[in-house]
Amino acid sequence: MANKIIQSVKGTRDFYPEQMAVRTWLYNQMRASSEAFGYQEYDGPFLEPLALYAAKSGEELVKEQAFVFPDRGGDLITLRPELTPTLARMVARRQNQLAFPVRWWSFGPFWRYEKPQKGRAREFFQWNIDMIGVNSPEADAELAAVGANFLKRVGLSPSEVKILVNNRRLMDEQLDSIGVAPERRKAVFRLIDRRDKLSPSAWEEYAAEIGLSAAQVSGLREMLAAENLWEQSEELVRFFEAAEALEAREYLKYAPYIIRGLDYYTGTVFEARDAEGEFRAILGGGRYDNLVADVGGKPVAGVGFAMGDMVITLVLEKYGRLPALNPQPAKVLVAVFDADHLLDAYRLASEVRGFGFPTATYPEPAKLGKQFKYADKIGARVVLLLGPDEIAQNTVAVKNLSTREQTSVPRPQLRSVLAELVS
RNA sequence: GUGGCUGUAGCUCAAGUGGCAGAGCACCUGACUGUGGAUCAGGAUGUUGUGGGUUCAAGUCCCAUCAGCCACCCCA
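Predicted model, so just to flag it, every value in this text is computed and none were measured. (Residues numbered from 1 in each chain as written. Chains lettered and ligands numbered in written order. Predicted model: local features only at pLDDT ≥ 70, side-chain atom pairs only at ≥ 80, totals over all residues. Heavy atoms only, no water.)

Caption draft 1: Structural view of the overall build of chain A. Along the backbone of chain A there are 14 helices and 16 strands. Over its C-alpha trace chain A gives a radius of gyration of 28 Å, far above what one expects of a compact globule, namely 22 Å for 423 residues. For the C-alpha atoms alone, the extent of chain A along its principal axes is close to 95 × 55 × 50 Å. Pairs at least 24 apart in sequence give 67% of the contacts found in chain A among residues at least 6 apart. Carbon and sulfur atoms make up 50% of the accessible area of chain A, which amounts to about 21300 Å² in all. Of the side chains in chain A, 53 bear a positive and 56 a negative charge, and the two mean positions are spaced by 5 Å. (Helix = DSSP H or I, 4+ residues; strand = E, 2+ residues; numbered from the N terminus. Rg over C-alpha atoms; globule rule 2.2 N^0.38 Å. Contact = heavy atoms within 4.5 Å. Areas by Shrake-Rupley, 256 points an atom, 1.4 Å probe, with all protein chains shown as cover. Lys, Arg positive; Asp, Glu negative; His and termini not counted. Charge placed at Lys NZ, Arg CZ, Asp CG, Glu CD.)

Written as structure tokens, this is what we have:
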């Protein structure tokens, strides 16, 4: 009765074994890329006091998109909408004992009270990776290289996905040069961000609305088309040189229109997108200057990025790069000949587990056809059967499900035969 | 939070202007009482997302609500 099943919470996902296998696979790829560059795994609580986000309480992320509720004692608890404040606290607490630069990564669930859409849910998983305590373009390049390493690792080519890079300081200078006052930068950044969302005429209207002259608009247009603008930024020149040495250059592209919404980015910013622009950003990050000041520590600079689990999965699906994952750990199923031989089957299963092969049993007597069908469906590769004939001859019937071949294997040889079939 | 599209069996979808709710795949049983994917023969399946309303009659029209999707917002 489908209508009687209680609905899951809006914007959450059930992870059936097939989906869980994908999530775990992603997690393993993230781990591999993080560890390849010497990053250590960490995590914080999923529940945090609302006060942790107080410094950002004016921002939409916390004010409107966080799950906040009172606990039984009346304190306001937040389901973490992001990891950065937690990271800031953890760094601040050990600021005097940590070996800087700190290189940490994490993968876990986050919650945001948003309207669910494709690639966006209310409960999602996110990879966070940061280098803290260093302020150099080469550090920025390393983070971009970790991202590129991941993209390469999961089989996405530079022609399919690109990490687009820009620099906030460069943009500030450029805006200065066309006479945009510092207090209007934010509005202009917004304008830049909407470049693709508005029609050219609507875009110009919006530009006029925020007070840009015709000359400034054309200057801005020129700026946004300047693919070599990065050559004017020493930071970006060094960034791209370092990326080259880190074998990430082919995935990187300078893009003057990349701004990133978050206010706390101060230098290099980057985001990965699929080449056809079909999806939202795959990952996003950049350099920030004042990580722990908000939670009471001395300011420390850092650079990092976050990657959600949903968009990358959509991109991998589109390009057919999700591997065929078999969520079934047991490659061996021991069938039950009949009720009298059920415990013989159980003993055999125990023996095979002792060999080191994950093994499932059929936990009740049933027609053999049903049991073989079950073995096939759950993804087992081999079925073992112990009937009266086998017991009399001290053998085991071993059936290879993919070749349909069945052999009678003497018990002493079972281990080596299975090793060949299953490993 | 704003606006729009959609919702029929486990899945993909049918059911002119309201008139008995269907097909393919999947599933179950058997042919095959020591063997899975093929074949054949049978079989089960829905309060048409939910709750109201209009009507002799609602999957179909109206209202509300929930969910998914799209745009905005924001962002992973």
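Caption draft 2: Molecular detail of the protein's contact with RNA strand B. In the vicinity of RNA strand B, 47 residues are found, and the nearest of them are Arg190, Arg260, Asp389, Leu401 and Gln406. Residue arginine 190 places a side-chain N or O atom 2.4 Å away from a phosphate oxygen belonging to RNA strand B. At 3.1 Å, a side-chain N or O of lysine 377 approaches a phosphate oxygen of RNA strand B. Elements represented by at least two residues in the surface near RNA strand B include exactly strand 6 (123–132), strand 10 (283–288), strand 11 (302–308), helix 12 (368–378), helix 13 (388–393) and strand 15 (395–400). In terms of residue count, helix 12 provides more of the surface near RNA strand B than any other element does, six residues in total. Per-class residue counts for the surface near RNA strand B are 15 nonpolar, 13 polar and 19 charged. (Near = heavy atom within 4 Å. Polar contact = N/O pair within 3.5 Å; in protein donor to acceptor, adjacent residues only side chain to side chain. Nonpolar A, V, L, I, M, F, W, Y, C, P; charged D, E, K, R; others polar.)

Caption draft 3: Region of interest: the nonpolar core. If you look at the biggest cluster of nonpolar residues, it comprises 67 residues, and the most contacted ones within it are Trp127, Phe150, Leu151, Leu156, Leu212, Leu220 and Ile312. In terms of residue count, the dominant contributor to this core is helix 4 (residues 137–153) (nine residues). In contact with tryptophan 127, other than residues within four places in its own chain, are Met30, Ser33, Ser34, Trp105, Ser106, Phe107, Val146, Phe150, Phe305, Ala306 and Met307. Membership of the second largest hydrophobic core comes to 23 residues, among which are Tyr42, Leu83, Leu87 and Tyr265. (Core = buried A, V, L, I, M, F, W, Y, C linked by side-chain atoms within 4.5 Å. Buried < 20%, exposed > 50% of the residue type's maximum accessible area, 1.4 Å probe, protein only.)

Caption draft 4: Looking closely at the sheet that holds strand 4 (residues 76–79). Judged by pairing direction, the sheet is antiparallel, and its three strands sit side by side in the order 2-4-3 without closing on themselves. With one partner strand each, in any of the chains shown, strand 2 (47–49) and strand 3 (67–70) form the two edges of the open sheet. For this sheet, the mean inter-axis angle between neighbouring strands, taken without regard to orientation, is 35°. Taken together, the three bridges between strand 2 and strand 4 define a ladder with antiparallel strand orientation. By the bridge assignment for strand 4, proline 49 is matched with isoleucine 77. (Pairing = 2+ DSSP bridges. Axes fitted to C-alpha atoms, helices over the stretch in contact; angles between N-to-C directions.)

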